[in-house]
Amino acid sequence: MIFRTTPSRTARPALRRVRTTAALRPLRHRLDPSRVEEIPFRTSDGVRLGLTRVDTGDTGRPAVLLLHGHTASADMFLLPETRNLVDALLDDGYEPWLLDWRGSCRLPYNETGRRYTYDDVALYDIPEAVAHIRDRIGERPLFVVAHCIGSLTLSLSMTAGLVPGLAGVVSQGVFLTPRLAGRTSLRMSVAGELLKTRIDHIPVDFRKVGLWSKYTPLFALAARKASCPDPTCQILHHSAWGTGASLFVHENLAEATHDRLAELLGPAPLWILPHLRRIELARSVVRWHDTDHRYRALPQNALDMAARIDAPVLLLSGSENGLWLDSQRLCHEVLARRQPQLDVSYTEIPGYGHLDTFLGRGAALDVFGHILEFLGERR
């Protein structure tokens, strides 16, 4: 049997529920609700985002902004089933802030509504969230811990000079020099062209789309040679939305986290692929918009403007990263050669993949210590 499905209790086909409003899905956490401040936040181009502050009762703490990856959300830093990064930051004397940028699965933009590129995240979402936080924290230090595309777009913001004066940045997975496996890049290109006339996003929750849907062949392909029977795990762990990459080391996830994958990661929009392909082919973070004057503040090639980075950077990656491979090691080598004056270090986490550096059941012991040590030396 390729995958499991729960038979319908009625003969009538289920209607697929698609969110069309920008209402944020509630966060799941075990914090005192009175300490979690949800801040109304809309960018200057009119997009509603999510900005959350965890109130520590201590106005003197350094602040840390957490940026999730594309199709993930702030939930990835708040897992109630394990010791998460927010727990570690609170215990170590920091004030966590979490941004759900427009690629968050807590928002509907990957499935419906206004399309965007990573230029929009770098120009609007991150700088304006940073500006809002600074208005609240005053002169206190502000750090950023960023994962995957959150880190990639942050590099574009930093090299544009839009977020100056950060106390330090932890970049996980990829930063300035993206590198994908050859088959992943090929599948991304071919699938984007073949599927773009039929679908505009790839879902991860088989229960929502049903057996008789246009997405079934994608789930069936992901299920080939998969050891896990869960369709969501198959399309993420064994396929990464059909690209053939792997997003995590399966054994590193707690059972409760594994069962929540469809909640923690959402649909991947196919219309973002042209920008991602351009970035990957350039081996650098490049601007998508060449003629729209609104994006002229962003560099055409972020790596060429790396000298503008004015914060210490820790490049972090799992040794088994099946998506971005050795992008972080490459970034460290390139920057050491081209911009030796920058304060950039690289740490590799043995036995970890990509997402499990934050979602893994042992991440608090194996990963978070590196982050806290880096922040502590610069607070």
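Because the structure is predicted, anything quoted here is derived from the model rather than measured. (Residues numbered from 1 in each chain as written. Predicted model: local features only at pLDDT ≥ 70, side-chain atom pairs only at ≥ 80, totals over all residues. Heavy atoms only, no water.)

Is there a simple way to explain the overall build of the protein chain in this structure?
Looking only at helices and strands, the protein chain has 14 helices and 10 strands in total. Considering the protein chain as a whole, with its 379 residues, one finds that 59% of them fall into the buried category. Pairs at least 24 residues apart make up 76% of the contacts formed inside the protein chain by residues separated by at least 6 positions. Accessible surface, the protein chain as shown: approximately 16,000 Å² in total, 51% of it carbon and sulfur. (Helix = DSSP H or I, 4+ residues; strand = E, 2+ residues; numbered from the N terminus. Buried < 20%, exposed > 50% of the residue type's maximum accessible area, 1.4 Å probe, protein only. Contact = heavy atoms within 4.5 Å. Areas by Shrake-Rupley, 256 points an atom, 1.4 Å probe, with all protein chains shown as cover.)

What should I look at first to understand helix α6 (residues 216-223) in this one?
Note that an α-helix has 3.6 residues per turn; residues three or four places apart therefore point the same way. If you check which residues of α6 are buried, you get Thr 216, Phe 219, Ala 222 and Ala 223. Down the axis of α6, the buried side of the element spans an arc of 125°, and every buried residue falls inside it. Where α6 is buried, its residues touch α5 (206-209) and α7 (231-237). Looking one or two places after α6, you find Lys 225, whose phi comes out positive at around 65°. (Arc of directions from axis to C-beta.)

What exactly am I supposed to notice about the environment of Val 204 here?
Tracing the backbone shows Val 204 in the loop between β7 (201-202) and α5. Spatially, the C-alpha atoms of Val 204 and Tyr 215 are 9.7 Å apart, while their sequence positions differ by 11 residues.

Could you clarify how one ought to interpret the sheet that holds strand β9 (residues 313-318) in this entry?
The pairing of strands in a sheet happens through backbone hydrogen bonds and is either parallel or antiparallel. In space, the eight strands of this open sheet follow the order β1-β2-β4-β3-β5-β6-β9-β10, with mixed pairing throughout. In this open sheet, the two edge strands, each paired with only one partner strand, are β1 (36-42) and β10 (344-349). For this sheet the average axis-to-axis angle between neighbouring strands, irrespective of direction, equals 20°. In terms of strand pairing, strand β6 (residues 168-172) meets β9 through four bridges, oriented parallel. The partner of Ser 171 across the bridge, within β9, is Leu 315. Contacts between helix α3 (residues 149-159) and the sheet are confined to β3 (63-67), β5 (142-147) and β6, with β5 contributing the most and set at about 130° to the helix. (Pairing = 2+ DSSP bridges. Axes fitted to C-alpha atoms, helices over the stretch in contact; angles between N-to-C directions.)

Even after reading the chapter, I still don't get the packing of aromatic side chains, so can you show me in this structure?
Both the distance between ring centres and the angle between the ring planes are used here to describe each pair of aromatic rings. In this structure the tally under the stated criterion is three aromatic pairs. Ring geometry for Tyr 94 against Phe 143: centres 6.2 Å apart, planes inclined by 85°, an arrangement best described as edge-to-face. With Tyr 94 in the loop between α1 (85-91) and β4 (95-100) and Phe 143 in strand β5, this residue pair connects regions lying 49 residues apart in the sequence. With a relative accessible area of 0%, Tyr 94 lands in the buried category. Under the relative-accessibility criterion, Phe 143 is labelled buried at 0%. (Phe/Tyr/Trp six-rings, centres within 6.5 Å; stacked < 30°, edge-to-face > 60°.)

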